[in-house]
Amino acid sequence: MVALNVLVYSGPGIGPNAHAYLLRTLRQFLSHRYAVIPVDPETLRTEPWETKAAMLVVPGGRDLPYVAEMNGEINERIKRWVYGGGRYLGFCAGGYYGSSRCEFEPGTPMEVIGDRELALFKGTCMGCAYPGYNYKTEDGARAAEVTVDREAFDVPRDAWRQDPEKIRIYYNGGGYFLTDDFLGKQPADKDVRVLVRYASDVTDPRDRSKRVVGAPAVISCRVGKGTAMLTGLHPEYAWDFLAPASYYQPYNRHLVSHLRSSDPYRRRLLGAMFTHMRMAVDPDALADSVGSEHSMRIPTVTPTFLVPARVPGVAAAASTMYTFNSAATIKGTASTPEVADMILKDASEDIHIINALAGDGRRRVPRDYQSAVLKPPSIGPVSLSNDTMDTGEEEKKREQAVLVLCTQDTLPDTKETPRFDMGLAVRHMQEAKAHTVGSWLMYSDTAMSTQTFLEKNTRLQALLPNGTVSVATIQLAGRGRGRNAWVSPVGCLQFTMLLRHPGLKQAPVILLQYLMALAVVESVKAMPGYEHIPLRLKWPNDLYALHTPAKDSDDSSEGPEPNFAKIGGILVSSSYKAGEFTLLFGCGINVANPLPTTSINKLIHEYNLNHGTSLALMSMEQALALITAKFEEFYRRFLIHGFEPFLELYYKNWLHSDQLVTLVDQGYERAKVTGISPTSGLLLVKSLANPGVTYSLQPDGNSFDMLQGMISRKTT
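Residues numbered from 1 in each chain as written. Predicted model: local features only at pLDDT ≥ 70, side-chain atom pairs only at ≥ 80, totals over all residues. Heavy atoms only, no water.

1. Regarding the overall build of the protein chain
Each helix and strand counted, the protein chain has 18 helices and 32 strands in total. Taken over 716 residues, the protein chain has a buried fraction of 56%. Of the roughly 30,300 Å² that the protein chain leaves accessible, carbon and sulfur atoms contribute 52%. (Helix = DSSP H or I, 4+ residues; strand = E, 2+ residues; numbered from the N terminus. Buried < 20%, exposed > 50% of the residue type's maximum accessible area, 1.4 Å probe, protein only. Areas by Shrake-Rupley, 256 points an atom, 1.4 Å probe, with all protein chains shown as cover.)

2. Some remarks on the confidence of the model for the protein chain
Summary statistics for the protein chain give a mean pLDDT of 86 and a share of 84% for residues scoring 70 or more. Note that residues 377–396 has pLDDT below 50 and, in this model, 40 contacts with residues that lie over four places away or in other chains. Low pLDDT, under 50, characterises residues 550–560; the predicted model gives this stretch 13 contacts beyond four residues in sequence or across chains. (pLDDT = per-residue confidence, 0-100. Contact = heavy atoms within 4.5 Å.)

3. Considering the sheet that holds strand β24 (residues 542–547)
Strand order across the open sheet formed by 11 strands is β17-β18-β19-β16-β20-β21-β22-β26-β25-β24-β23, with mixed pairing between neighbours. Strand pairing shows two members of the sheet lacking a second neighbour, β17 (342–345) and β23 (535–538), which therefore form its edges. With strand direction ignored, the average angle separating the axes of adjacent strands in the sheet is 25 degrees. Pairing between β23 and β24: four bridges, direction antiparallel. (Pairing = 2+ DSSP bridges. Axes fitted to C-alpha atoms, helices over the stretch in contact; angles between N-to-C directions.)

4. What to know about helix α16 (residues 600–611)
Across its 12 residues, α16 extends 16 Å between first and last C-alpha, which sits within 8% of the 16 Å expected from 1.5 Å per residue. Tucked inside the fold, the buried residues of α16 contact α15 (512–525), β23, β24, β25 (563–577) and β26 (580–590). (Expected span 1.5 Å × (residues − 1).)

5. Some remarks on the nonpolar core
Counting 89 residues, the largest nonpolar core has Y88, F153, V196, Y198, L233 and F274 as the members making the most contacts within it. Setting aside residues no more than four positions away along its own chain, F153 makes contact with V148, W160, R193, L195, V196, L269, A272, M273 and H276. Listed in part, the 83 residues of the second largest apolar core include I354, L499, A507 and L615. (Core = buried A, V, L, I, M, F, W, Y, C linked by side-chain atoms within 4.5 Å.)

6. Some details on the side chain of R116
With respect to the secondary-structure elements, R116 resides in the loop between β6 (112–115) and β7 (121–127). Among residues more than four places away in sequence, those in contact with R116 are D63, L64, V67, Y96, Y97, S99, S100, R101 and C102.

7. Comments concerning the packing of helix α12 (residues 422–431) against helix α17 (residues 620–641)
Packing of α12 against α17 brings their axes to within 8 Å, and their N-to-C directions diverge by 30 degrees. What the angle tells us is that α12 and α17 run roughly parallel. Read as a crossing pair, α12 and α17 show a hand that is right-handed. Across from L424, A425, H428 and M429 in α12, the residues of α17 making contact are E621, Q622, L624, A625 and T628. (Parallel < 35°, antiparallel > 145°, perpendicular 65-115°, else oblique. Left-handed = near helix turned anticlockwise from the far one by under 90°.)

8. What about the pattern of salt bridges?
Summed over the entire model, instances satisfying the criterion amount to 22 salt bridges. Among the ionic pairs, K345 bridges to D350, the shortest N-O distance being 3.1 Å. (Salt bridge = Lys/Arg side-chain N within 4 Å of Asp/Glu carboxyl O.)

9. Examining the environment of G140
For G140, the location among the structural elements is in the loop between β7 and β8 (142–148). Looking at G140, the relative accessible area reads 1%, which means it is buried. Between the C-alpha atoms of G140 and G174, which are 34 residues apart in sequence, the distance is 10.0 Å. Excluding its chain neighbours within four sequence positions, the residues that come into contact with G140 are G132, Y133, Y171, N172 and Y251.

10. What to know about the sheet that holds strand β15 (residues 226–231)
In spatial order, the strands read β2-β1-β3-β4-β15-β14-β11-β8-β9; together these nine strands make up an open sheet with mixed pairing. Of all strands in the sheet, those bounded by a partner on one side alone are β2 (35–39) and β9 (166–171). Strand after strand, the sheet turns through a mean of 25 degrees between neighbouring axes, direction not considered. With four bridges joining them, strand β1 (residues 5–9) and strand β3 (residues 53–58) adopt parallel strand pairing. The partner of N5 across the bridge, within β3, is A53.

11. Focus: the pairing of strand β28 (residues 669–676)
Sheet topology places strand β27 (residues 660–663) next to β28; four bridges connect them, and they run antiparallel. Looking across to β28, one finds that T662 is bridged to R670. Counted between consecutive antiparallel strands, the loop separating β27 from β28 contains five residues, among which G667 sits at a positive phi close to 65 degrees. The pairing of β28 with strand β29 (residues 683–687) spans five bridges and is classified as antiparallel. What sits directly across from V673, in β29, is V685.

12. Observations concerning the state of the cysteines
A full pass over the atoms with the stated rule returns zero disulfides. Of all cysteine sulfurs, the one in C125 lies closest to C102, which takes part in no disulfide; the gap is 6.6 Å. Of the residues examined, C102 reaches a relative accessible area of 1% and is grouped as buried. Free of any disulfide, C587 has its nearest neighbouring cysteine sulfur in C492, separated by 8.4 Å. (Disulfide = S-S within 2.5 Å.)

13. What to know about the packing of aromatic side chains
Throughout the structure, instances matching the rule amount to 29 aromatic pairs. The interplanar angle of 70 degrees and the centroid separation of 5.2 Å between the aromatic rings of F153 and W160 together place this pair among those described as edge-to-face. The class of F153 is buried, set by a relative accessible area of 5%. According to the relative accessible area criterion, W160 is buried, its value standing at 5%. Relative to Y650, the ring of F643 lies with its centre 5.7 Å away and its plane at 70 degrees, an arrangement referred to as edge-to-face. Grouped by ring-pair contacts, the aromatic residues Y514, F634, F643, F646, Y650, Y651 and W654 constitute a single cluster. R62 extends its terminal NZ or CZ atom over the ring of Y135, reaching a point 3.8 Å from the ring centre. Taking NZ or CZ as reference, R637 lies 5.5 Å from the ring centre of F646, over its face. (Phe/Tyr/Trp six-rings, centres within 6.5 Å; stacked < 30°, edge-to-face > 60°. Lys NZ or Arg CZ within 6 Å of the ring centre and 35° of its normal.)

Below, the structure written as structure tokens:
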């Protein structure tokens with residue numbers, strides 16, 4: 001199983017600023033490949049996070065609350081996972097916590113001294129490296145000068161470009177690590193490398209009159225098959241996170257300007273740290289941008305375009321647009337440029353509605369308006385307190401969205417939607433015969449989550465025509481089932497479909513998730529020549545592929561043997577009123593992105609190489625049209641006949657025929673999968689010890705680890 005989750009400890013003890021900045025930075029560097037997920041101690045204690053976690057990150061804050069929350073079972077699980085190949089990254093307090101002993105400000109009122117149970121580094125973290133630390137102010141902060149030992153990193157030499165060895169990094173309260181080489185012990189522990197050292201201005205916290213030369217600031221520890229990296233610095237802090245007025249001490253009054261000039265080097269250091277830990281880094285995060293307005297690209301949502309795709313006639317499209325304008329009765333305010341025709345005050349967001357105007361090259365959303373309404377999230381200090389996260393003010397702020405209503409004559413061109421051709425999508429939708437599903441198409445280049453946007457904004461949801469499909473190229477907070485996040489790299493088709501479904505006995509709503517998953521697979525395999533593209537179904541709603549690297553391909557990461565890889569999934573949310581279900585189908589499918597697992601186009605490419613064929617690859621626009629048309633084809637039949645006619649095709653595509661499984665909640669009883677119920681959607685498994693006993697398992701109450709053959713009750 002490919003580990004795609006970067007877990008960030010988010011329990012008691014975290015420093016709010018450190019936590020907020022860390023999440024932003026991790027997402028900048030890693031969200032192209034991984035899901036960055038805050039986790040609390042209860043999650044680490046009770047959920048099976050280990051199999052999906054690529055890295056566990058512990059931010060700055062206070063070490064003692066970490067001890068109180070994680071000593072015992074959580075630490076044991078973390079250690080087993082790291083020893084088995086996991087990655088631990090500790091910043092500041094996370095660095096103290098990951099050492100075998102913490103000595104913080106000895107002989108002062110802030111003194112914290114004691115052994116630490118996690119002990120991934122078999123030594124002491126001594127701090128503070130510099131005097132002046134205060135939990136509630138920035139008085140102890142510095143733009144610390146450090147020396148980077150490039151030879152100690154397992155990264156390509158050109159990763160450093162022409163960067164100097166001495167750079168400046170934000171520091172506030174971190175320690176230094178008493179490694180064997182620093183203490184002069186022989187032989188030194190070969191499993192510990194010093195990657196970065198402080199300058200010679202560090203002092204001994206036990207006696208501030210003593211200088212400490214060559215103090216280790218960042219270390220990497222080999223722990224069994226895994227890696228622990230501990231840092232007393234804060235390389236996750238960018239200069240534009242900080243307010244210059246907060247720094248007025250003689251030693252830090254120029255902190256922001258120092259960090260700004262050193263920012264490209266900071267980012268390449270952080271990139272090298274991730275690469276050293278065998279994490280894949282987004283190259284865009286490493287760009288050289290000295291003197292730019294911002295030190296890092298902060299993604300923000302973009303306008304959403306709503307266009308008629310399969311709407312018969314001009315009158316029907318005009319009626320929908322009139323409905324929107326009638327519902328939005330609040331005019332734009334003086335606080336923003338007067339561009340929006342109306343504003344729809346929804347339950348969660350203010351949705352600025354713009355009626356698109358015709359004209360070649362005319363921007364539907366002027367840049368000044370877009371920047372005024374769709375501002376990047378505030379990145380300033382969250383709180384002066386390091387004890388708790390104060391998010392009350394953030395929760396009171398209403399989010400803003402821009403919805404551009406288009407006709408067939410005012411579709412956005414590729415200058416406005418460069419990563420999704422709306423005109424091409426509409427042509428494909430019209431060629432793939434369907435009527436209701438995909439009748440209207442919504443598209444945003446960057447969204448928080450297409451699923452959440454429609455769930456939260458109930459007035460918008462009610463106004464949208466049945467079958468509307470909302471697509472985004474990038475989701476900043478994509479969702480999977482339960483607590484899972486969905487990784488959304490470019491090339492992944494991500495959409496939410498709105499369906500109003502009558503409460504019919506012969507067409508149980510629970511089976512619609514199976515129907516959607518089947519439609520995704522069959523939309524590809526039903527095309528002539530594509531019948532043997534190895535797409536499969538995993539119960540209840542995951543999409544898998546049998547990935548077979550071509551003989552002459554350079555894909556050596558997984559070896560020549562076929563292996564199953566997840567390439568998509570279905571998420572369904574529902575509400576019920578007056579005899580009708582309102583369903584939101586969230587679908588994510590890797591169409592053109594070969595990483596982090598594989599994709600439909602990579603499967604087609606491998607098939608062509610292995611079979612001498614020349615099947616065409618799929619575009620995102622074509623895939624969307626085929627999936628929605630296939631679902632409508634299936635859905636019309638389902639409304640009359642239920643799921644029974646689809647069982648044979650479903651079993652042909654699924655992975656579980658006669659699979660032997662272990663039922664964790666039945667005392668690890670062994671059983672064999674026999675099928676699913678066509679009326680209830682329950683998974684049917686027959687006991688091997690008692691053949692007369694059949695268990696019926698709910699899709700939303702159980703977790704199926706296919707590779708381990710384990711079925712257990714999900715933790716919520």
